[in-house]
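Structural overview
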Amino acid sequence: LGADGTVSANKNSIKIIGETTDHHVQGYFVYDSKKSGSLTVSHLRFGKNPIRSIYLVDSANFIACHHFNYLGKYDVLKNAEQGAVFLLNSPYPTEETWNHIPENIQKDIIGKKLKFYVVNASKVARETGMGSRINTILQTCFFAISGILPKDEAIAKIKNAIRETY
């Protein structure tokens, strides 16, 4: 959802990965011209080999859906690879989330054998005084799940990036 800070967080994530690891990185962002309140999609690439592509990611091994209602509006898992990670920001308790997910999404999770993670980033953001700014919560989840950096190092880098960005 445009204006929730996700593009800035993802730009920082790419910068952190590029400066801290030996990975090559690329970030590409797609959003409506009005941005605020509209759909935003971040396409992040990183890996050991140089990146020579400029097209959108069409085979993803990590997908995060920051707004639960998008599950009913968009095919958020259409580009998920077999066995990919799916991180969902859910307003429901973890044990109840599955019952609220549309059937077609449930079938994709099962059929593609996705590693499924649920967090109520909105609740965490409210409880930690961040208001509705879920971007940093989900960024932290990305680093924790991906294992691209050790947890403590990733958190320190995220905090530093926040200080520099904001």
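Attention here is on the structure that accompanies the text. In this numbering scheme, every chain counts its residues from 1 along its sequence in written order. For a predicted model such as this one, the threshold for reporting local features is a pLDDT of at least 70, and the threshold for listing and counting side-chain atom pairs is 80 or more; totals across whole chains, interfaces and linings nevertheless cover every residue. In computing side-chain properties, one takes all heavy atoms of the structure into account and sets aside hydrogens as well as water.

Time to look at unusual backbone geometry. Even without glycine at this site, K113 takes up a positive phi of about 55 degrees. Under the DSSP-based scheme used, a helix requires at least four consecutive residues in state H or I and a strand at least two consecutive residues in state E, with every element numbered from the N terminus. With respect to the secondary-structure elements, K113 resides in the loop between α4 (103-111) and β5 (115-119). Residue K113 is classed as exposed on the basis of its relative accessible area of 61%. With a 1.4 Å probe rolled over the protein chains alone, any residue whose accessible area is under 20% of its type maximum counts as buried; one over 50% counts as exposed, and the rest are partly exposed.

Membership of the largest hydrophobic core comes to 17 residues, with the highest contact counts inside it found for L71, V76, L77, F86 and I105. Of all the elements in the fold, those that place two or more residues in this core are β3 (60-65), α2 (70-73), β4 (80-89) and α4. With four residues, β4 is the largest single contributor of residues to this core. Among residues more than four places away in sequence, those in contact with L71 are C65, V76, F86, L88, I101, P102 and I105. Here, the term nonpolar core denotes a set of buried Ala, Val, Leu, Ile, Met, Phe, Trp, Tyr and Cys residues that are joined through side-chain atoms within 4.5 Å. The contact definition used throughout considers only heavy atoms, calling two residues in contact when any of these lie within 4.5 Å.

A separate point is the environment of D108. Within the secondary structure layout, D108 lies in helix α4. What makes D108 partly exposed here is its relative accessible area of 21%. Sequence separation between D108 and V76 is 32 residues; the distance between their C-alpha atoms is 9.8 Å. With sequence-adjacent residues up to four places away left out, D108 is seen in contact with D75, L77, K113 and L114.

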